[in-house]
Amino acid sequence: MSPPRHIAIIGAGAWGIALAQNFARAGHDVTLWSRSSVDPTTRRLPRLPQVALLPAVNVTNMMPKGADDTLFATPTHALRDVAAASMGDGLVIACCKGLERDSYAFPADILRATCPGRDVAVLSGPNFAGEIAKGLPAAATLAASHLSLAEEIASRLASPRFRLYASDDLTGVQLAGAAKNVIAIAAGIAIGAQLGENARAALMSRGLAEMHRLNRALGGQAKTLSGLSGMGDLILTCTGPSSRNFRFGLALGQNADARALALDETHGIVEGCRTAPLLLKLARRHAIDMPLVETVSKLIAGDMSVAAAKAALMSRPLATE
Ligand SMILES: NC(=O)c1ccc[n+]([C@@H]2O[C@H](COP(=O)([O-])OP(=O)(O)OC[C@H]3O[C@@H](n4cnc5c(N)ncnc54)[C@H](O)[C@@H]3O)[C@@H](O)[C@H]2O)c1
Ligand SMILES: O=P(O)(O)OC[C@H](O)CO
């Protein structure tokens with residue numbers, strides 16, 4: 001085991017709380033920052049009153065300073081503001097999955113801009129927060145600009161319950177993390193609209209093909225998409241009923257008022273809703289065809305019905321694999 005570190009987690013939603021539990025259990029000194037005020041007597045967070053944190057987690061609404069490592073677990077759209085307010089000179093790790101509006105920046109690019117001079121890494125993989133919080137076994141990719149840096153970070157943050165695999169492919173890891181949420185919405189729609197398991201598998205495979213095309217254009221490595229942050233997270237999010245992206249798609253496929261649900265962040269962020277139109281624009285900038293992402297964007301915007309989406313995707317010109 002590596003020596004305990006002072007770890008700051010920024011963002012006290014499902015993922016921030018789970019990461020705090022994980023690192024506290026592994027023996028680190030953890031400070032969890034919540035933007036809402038915290039009740040110090042119960043150590044419970046007002047937005048998630050059912051969550052009682054391990055005693056080793058120090059909860060604060062003052063931005064922690066002097067941490068060895070700072071992990072950001074807010075939604076992607078909030079990252080720039082909270083990272084700009086973060087203090088210290090230690091490593092910063094993006095744990096959110098998505099793209100920033102207007103800039104189309106991935107989380108690590110946002111951290112590079114807001115935390116100059118600090119090492120930047122990304123943590124991404126098939127990880128439902130609820131399972132991590134319980135200490136169930138899991139694995140993820142830890143990416144940094146150099147493999148040696150990624151390996152060093154992985155070795156000091158991994159634990160017997162949470163294995164970390166090092167990667168130097170920041171682009172591939174982040175593209176996969178952003179895109180799988182969009183494909184998971186498509187998978188949920190297919191199941192919600194009773195289009196069948198064959199349709200879901202086809203959407204996952206063709207979604208992966210779209211991810212490969214954009215990944216190549218952005219300079220990411222193909223092998224990343226076969227790994228934990230690629231296939232691993234795609235499988236989990238498209239098939240795990242606790243995925244919020246999948247559940248949102250399910251509701252949309254069942255004709256429920258899913259758009260209102262997605263915008264209500266008290267049920268947790270559905271990152272794929274924000275990501276879909278941004279990913280489509282990013283793809284168009286690189287002249288990459290992403291018909292599935294385009295279709296999901298239209299469905300989310302209410303510009304297409306599920307029946308029309310099914311007809312459009314099934315009548316596209318036949319292609320090779
Ligand atoms: N939940 C998971 O299983 C999981 C796993 C891996 C990665 N992620 C990613 O982590 C990120 C966060 O997800 P989550 O599940 O914790 O979401 P969540 O909706 O449960 O929590 C989001 C947290 O961010 C805070 N927040 C929102 N806007 C903010 C702002 N402008 N400034 C400061 N804080 C703000 C909210 O108060 C809340 O505490 C997402 O990008 C998600 O894709 C989630
Ligand atoms: O609940 P979701 O759909 O945001 O997915 C959570 C994680 O990203 C799964 O790895």
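Per an unreviewed UniProt entry, the chain is named Glycerol-3-phosphate dehydrogenase [NAD(P)+], and its organism is Candidatus Kirkpatrickella diaphorinae. The UniProt entry for the chain carries the following text under Subcellular location (unreviewed entry): "Cytoplasm". Listed under Pathway (unreviewed entry) in UniProt, the entry text for the chain is "Membrane lipid metabolism; glycerophospholipid metabolism."

Trainee: So what's going on with the UniProt feature "binding site: NADPH" (unreviewed entry) in the chain? Residues and values would help.
Mentor: Mapped onto this numbering, the UniProt entry annotates "binding site: NADPH" (unreviewed entry) at Trp 15, Arg 35, Lys 97, Ala 129, Arg 244, Ile 269 and Glu 271. Those residues in contact with Lys 97, other than ones at most four positions away along the chain, are Ser 124, Gly 177, Ala 178, Asn 181 and Glu 271. Judged by local crowding, Ile 269 falls into the buried class, with 23 C-beta atoms found within 10 Å.

Trainee: Lay out the site of ligand 1 with the relevant residues and their values.
Mentor: Neighbouring ligand 1 are 26 residues, the closest being Gly 13, Trp 15, Ala 78, Cys 96 and Ala 129. For the shell around ligand 1, the elements supplying multiple residues, two or more each, are helix 1 (14-25) and helix 2 (76-84). Residue contributions to the shell around ligand 1 peak at four residues, all from helix 2. Looking at the shell around ligand 1, its residues break down into twelve nonpolar, eight polar and six charged. Looking at which domains feed residues into the shell around ligand 1, each of domain 1 (6-168) and domain 2 (171-314) supplies at least three.

Definitions and cut-offs
- Residues numbered from 1 in each chain as written.
- Chains lettered and ligands numbered in written order.
- Predicted model: local features only at pLDDT ≥ 70, side-chain atom pairs only at ≥ 80, totals over all residues.
- UniProt positions renumbered as here; feature names shortened; annotations may be inferred.
- Contact = placed C-beta atoms within 7 Å.
- Buried ≥ 20, exposed ≤ 12 C-beta atoms within 10 Å, placed from the backbone.
- Near = placed C-beta within 6 Å.
- Helix = DSSP H or I, 4+ residues; strand = E, 2+ residues; numbered from the N terminus.
- Nonpolar A, V, L, I, M, F, W, Y, C, P; charged D, E, K, R; others polar.
- Domains from an automatic or database assignment.

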